[in-house]
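A structural walkthrough
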Amino acid sequence: MNFEKTILITGGAGFIGSHVVRLFVNKYPGYHIVNLDKLTYAGNLENLADVEEKMNYSFEKGDITNQDFIRSLFQKYQFDGVVHLAAESHVDRSITNPLEFIEANIIGTVNLLNAARDAWKGQETGKRFYHISTDEVYGSLGEEGFFVETTAYDPRSPYSASKASSDHLVRAYHHTYNLPVVISNCSNNYGPNQFPEKLIPLVINNIKHNKPLPIYGDGKYTRDWLWVIDHAEAIDLIYHEGRVGETYNIGGNNERKNIELVQTLCDIMDAQLGRPVGQSRTLITYVKDRPGHDRRYAIDATKLKNELGWQPSISPEEGLKLTAEWYLANETWLNNVTSGAYQKYYEKQYA
Ligand code: NAD
Ligand code: TYD
C-alpha cells in the first residue's frame, strides 16, 4: 500500500503511547503508523487489541538503546516523523534504579536523534521529531505560581533529571544539526490503561481489593491531572501544527492535593461498588514519604491554547468517574498486569 506518510511512534504499547497510536491509526488512514516498543513491564499489546488488524498499523518489538537496531529500522521504513514516548516513567523506580532511566531515557533518545538526523540530512522540510516530556523537569513549586515554557529546568529525581537531559539533547540537535524538533511537557496523565504503580490506578485497584491506600508523607503534595485522551489530542495538534523548535506545556487545569484526590476516588468507588458512603476512606493509610518528593506541579498551558486552540475537554469529576468505571469493567486487563513481577515490586515498595 502507498501511504502519504510513515510515522514512528515509540513506546506505543504503554499508557499514553497506546492512546496516541489509536488516535493516529484511526484518524489518519493515509498514514502508516509504526509502533516501536520493547514491551517492558509497562508495555502491553493488549492496550492496542482494537487496532492491531488495521492495514495502516505495524508493530516492531525492539529497544531504543540498541543503536544498530534503531538504524536498521530507519532503513526499513522511510520515516517522515517520529513521536517519541518510549521511556522509563515511574519516579519511585528511578530512585531504586537510576541507571535504567539514564539508558532508556537519555541513550535511547540520542539513538533516535542520530538516526533521524542521518536519515533526513538535507531533506528536513516536512519532517518532524516530536519528543514527549514532563513538567517534572521544571522542579517543584510552592503554594503559588505555574510552570511556563521558559521556566528554568530544575529536575530533582533521577527520572526527571533523565527527562531534562533528553529535552536538552533534543534542543541541541535542533540548533546544531537543524533537526526539525518539537517538544511538549505535560502534567500527570490519568485514564484507561495506566499501569497500577501510579497513584490513581493503584488506589482504584486497592479500593477494589480492600487493601490500604498508601499516601506518601502528609498527603498535601499537589499534581495537575490531565485526561490521557485530551493529551493524545494535544499531541496530534502539536505534531501537525506546532512550530519547529518550540516547546508547548500541556496541563489539565486540574490541581488536586493527593489526599483530596484519593478521598474523591474513594467516594466514586463506593458509589460504583454499592458500598456504604465513607467505607473506602477508612483504607487511607499514611506511609513513609518518597525521598526528594516534589511538593507541587502546576502547568500554565496558555501558549498551547492561544497558538493551537487546545484545551481540556472533560471535567475532572467526569474523568475520574470514567477512569474508575474503566478499571472495574476491565478486570482481566488489571489482573494480567498485576500478577507476577508487579506483586514482587509492590511488596518491596510498600514493605
Ligand atoms: P509507560 O511507562 O506507561 O510506557 C512507556 C512505554 O515505553 C512502555 O510501553 C515500554 O515498554 C516502552 N519502553 C520503555 N523503555 C523502552 C526501550 N528502551 N525501548 C523501547 N521501548 C521502551 O509511560 P507513559 O506514562 O505512557 O509515558 C509516556 C511518555 O510520556 C514518557 O516519555 C513519559 O516520560 C512521558 N510523560 C508521562 C506522564 C504520565 O503522567 N504518565 C507525564 C508526563 C510525561
Ligand atoms: P505518581 O502517580 O507516581 O506520579 P508522579 O510521581 O510522577 O507525580 O504519584 C503522584 C503523586 O502521588 C505523587 O505526589 C506521589 C504520590 N503517591 C502516593 O502518595 N502514594 C503512592 O503509592 C504513589 C504511587 C504515589
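Higher on the page you've got the structure.
From a predicted model like this one, the values you see are computed outputs, not experimental measurements.

**Re helix H7 (residues 228-241)**
Helix length check: H7, at 14 residues, gives a terminal C-alpha distance of 20 Å against a target of 20 Å (1.5 Å per residue), a fit within 8%. Counted residue by residue, H7 has 10 buried out of 14 residues, so it is predominantly covered. Of the residues making up H7, those classed as buried are Val228, Asp230, His231, Ala232, Ala234, Ile235, Asp236, Leu237, Ile238 and Tyr239.

**Side note on the pattern of salt bridges**
Pairing is possible between side chains of opposite charge, provided their charged atoms come close. A complete count under the given rule lists 16 salt bridges for this structure. Ionic pairing is found between Glu60 and Lys76, a salt bridge with its closest N-O pair at 2.7 Å. Of this pair, Glu60 sits in strand E3 (residues 57-61) while Lys76 sits in helix H2 (residues 67-76); the two residues are 16 residues apart in sequence, bridging distant segments of the chain. Residue classification places Glu60 among the buried positions, given a relative accessible area of 13%. Via salt bridges that share partners, Arg243, Glu246, Lys303 and Glu307 belong to a single interconnected network.

**A closer look at the packing of helix H6 (residues 199-208) against helix H8 (residues 258-273)**
A pair of packed helices is captured by two measures, namely the crossing angle of their axes and the spacing between those axes. Here H6 crosses H8 at 40°, and the two axes come no closer than 10 Å. Classified by the interaxial angle, the pair formed by H6 and H8 is oblique. Handedness of the crossing formed by H6 with H8: right-handed. Residues Leu199, Ile200, Val203, Ile204, Ile207 and Lys208 of H6 touch H8, and the partners they reach there are Asn258, Leu261, Val262, Leu265, Cys266, Met269 and Leu273. The residue inventory of the contact of H6 with H8, partitioned by class, reads 11 nonpolar, one polar and one charged.

What counts and what doesn't
Residues numbered from 1 in each chain as written. Chains lettered and ligands numbered in written order. Predicted model: local features only at pLDDT ≥ 70, side-chain atom pairs only at ≥ 80, totals over all residues. Heavy atoms only, no water. Helix = DSSP H or I, 4+ residues; strand = E, 2+ residues; numbered from the N terminus. Expected span 1.5 Å × (residues − 1). Buried < 20%, exposed > 50% of the residue type's maximum accessible area, 1.4 Å probe, protein only. Salt bridge = Lys/Arg side-chain N within 4 Å of Asp/Glu carboxyl O. Axes fitted to C-alpha atoms, helices over the stretch in contact; angles between N-to-C directions. Parallel < 35°, antiparallel > 145°, perpendicular 65-115°, else oblique. Left-handed = near helix turned anticlockwise from the far one by under 90°. Contact = heavy atoms within 4.5 Å. Nonpolar A, V, L, I, M, F, W, Y, C, P; charged D, E, K, R; others polar.

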